[in-house]
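Analysis of the macromolecular model
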Amino acid sequence: GDALLCAVDMLQKSQTRGEKQIFIFTDGNSSNPKKVTKALYEARESRIHVTAIGVGNDRYSFERYQYWSCAAFPSQLPMALRYLYEPVGKPKSFARLQVNN
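Here the structure is a predicted model, which is why all the values come from computation and not from measurement. (Residues numbered from 1 in each chain as written. Predicted model: local features only at pLDDT ≥ 70, side-chain atom pairs only at ≥ 80, totals over all residues. Heavy atoms only, no water.)

**Looking at the pairing of strand E2 (residues 48-55)**
For the record, the criterion: With a 1.4 Å probe rolled over the protein chains alone, any residue whose accessible area is under 20% of its type maximum counts as buried; one over 50% counts as exposed, and the rest are partly exposed. Under the scheme used here, helices are H or I runs from DSSP no shorter than 4 residues and strands are E runs no shorter than 2 residues, and both carry numbers assigned from the N terminus. At least two DSSP bridges between two strands are required for those strands to pair. Here, the term right-handed applies to a crossover whose path from the first strand over the helix to the second runs clockwise when the strands point away from the viewer.
Of all eight residues making up E2, six are buried, and the element is well covered by its neighbours. Pairing geometry for strand E1 (residues 20-26) and E2, over seven bridges, is parallel. Within E2, the residue paired with Phe23 across the bridge is Thr51. What joins E1 to E2 is helix H2 (residues 33-45), and the crossover it makes is right-handed. Pairing geometry for E2 and strand E3 (residues 67-71), over five bridges, is parallel. Bridge pairing in E3 places Thr51 opposite Tyr67.

**With respect to helix H1 (residues 2-13)**
Test applied: One fewer than the residue count of a helix, multiplied by 1.5 Å, yields its expected span. Throughout, the arc means that of the directions going from the helix axis to the C-beta atoms. Throughout, a residue-residue contact means that at least one pair of heavy atoms, one from each residue, lies within 4.5 Å.
Compared with an ideal rise of 1.5 Å per residue, which puts twelve residues at 16 Å, H1 spans 17 Å between its outermost C-alpha atoms and is within 8% of the ideal. Of the positions making up H1, those classed as buried are Leu4, Leu5, Ala7 and Val8. Projected down its long axis, H1 carries its buried residues within an arc of 160°, all on one side. Turned more than 90 degrees off the buried face of H1, the exposed positions are Asp2, Ala3, Met10 and Lys13. Packing partners of the buried residues in H1 comprise E1, H2 and E2.

**Some words on the pattern of salt bridges**
Using the following cut-off: Here, a salt bridge means any Lys or Arg side-chain nitrogen found within 4 Å of an Asp or Glu carboxyl oxygen.
In total, this model carries three salt bridges according to the counting rule given. A salt bridge links Lys38 to Glu42, with the shortest nitrogen-to-oxygen separation between them at 4.0 Å. Within this pair, Lys38 and its partner Glu42 are both found in helix H2, separated by four residues, close to a single helical turn.

**What to know about H2**
Helical periodicity: at 3.6 residues per turn, an α-helix aligns residues three or four positions apart in one direction. The terminal C-alpha atoms of H2 lie 18 Å apart, and with 13 residues this matches the ideal 18 Å at 1.5 Å per residue to within 8%. What H2 keeps buried is the set Val36, Ala39, Leu40 and Ala43. Down the axis of H2, the buried set is contained in an arc of 100°. They therefore lie on one face. Turned more than 90 degrees from where H2 packs its buried face, Lys34, Tyr41 and Glu45 sit exposed.

**As for a nonpolar patch on the surface**
Using the following cut-off: Patches in this entry comprise residues that are over 30% relatively accessible and not in a salt bridge; like charges within 9 Å are linked, as are nonpolar side chains (Val, Leu, Ile, Met, Phe, Trp, Tyr) within 5 Å. The accessible surface values rely on the Shrake-Rupley method and a 1.4 Å probe; as for residues, cover is taken only from the protein chains in view.
A cluster of nonpolar side chains, contributed by Phe23, Phe25 and Tyr85, occupies part of the molecular surface with about 340 Å² of accessible area. Along the chain, Tyr85 falls in helix H3 (residues 77-85). The class for Tyr85 is partly exposed, based on a relative accessible area of 47%.

**A closer look at the confidence of the model for the chain**
Definition in use: By definition, pLDDT measures how confident the predictor is in each residue, and it falls between 0 and 100.
The predicted model of the chain averages 80 in pLDDT, with 81% of residues at 70 or higher. In this model, residues 90-101 is a region of pLDDT below 50 whose contacts with residues beyond four sequence positions or in other chains number 32 contacts.

**Some words on the packing of H1 against H2**
Note the threshold: Between the N-to-C directions of two axes lies an angle of 0 to 180 degrees, each axis being a line fitted to C-alpha atoms and, for a helix, fitted only over the stretch in contact. Note on angle classes: values under 35 degrees are labelled roughly parallel, values over 145 roughly antiparallel, values of 65 to 115 roughly perpendicular, and the remainder oblique. Handedness of each helix crossing follows the sense of rotation of the near helix against the far helix: counterclockwise by less than a right angle gives left-handed, clockwise gives right-handed. Under the grouping applied here, Gly and all other residues not named as nonpolar or charged are polar, the nonpolar ones being Ala, Val, Leu, Ile, Met, Phe, Trp, Tyr, Cys and Pro and the charged ones Asp, Glu, Lys and Arg.
The contact between H1 and H2 brings their axes to 8 Å, and the two run at 20°. Between H1 and H2, the angle falls in the class roughly parallel. Read as a crossing pair, H1 and H2 show a hand that is left-handed. From H1, Asp2, Leu4, Leu5, Val8 and Gln12 reach across to H2, where they touch Lys35, Val36, Lys38, Ala39, Leu40, Glu42 and Ala43. When the residues that make up the contact of H1 with H2 are grouped by side-chain class, the tally is seven nonpolar, one polar and four charged.

Structure representation (structure tokens):
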């Protein structure tokens, strides 16, 4: 939660033009879910897209994220990242993939 709040704060203060986006690599378990919810709310209000990339876990809790993808193993990250931008049969706002080989 703290890292996400910090990233949102930095982008809110940024003078950069265009789309602002945060990528979070996570195991999907938060030590402070309330802070994550607050940060995601602030990001959404500021039109900052937050994408969660889950790694190394077979149980994720990403229902709060607008965009997310996951891979059970780091070697599967390229496929999970590709799926975010090339969803097959899924709306882009609900791109997700769980790879368990």
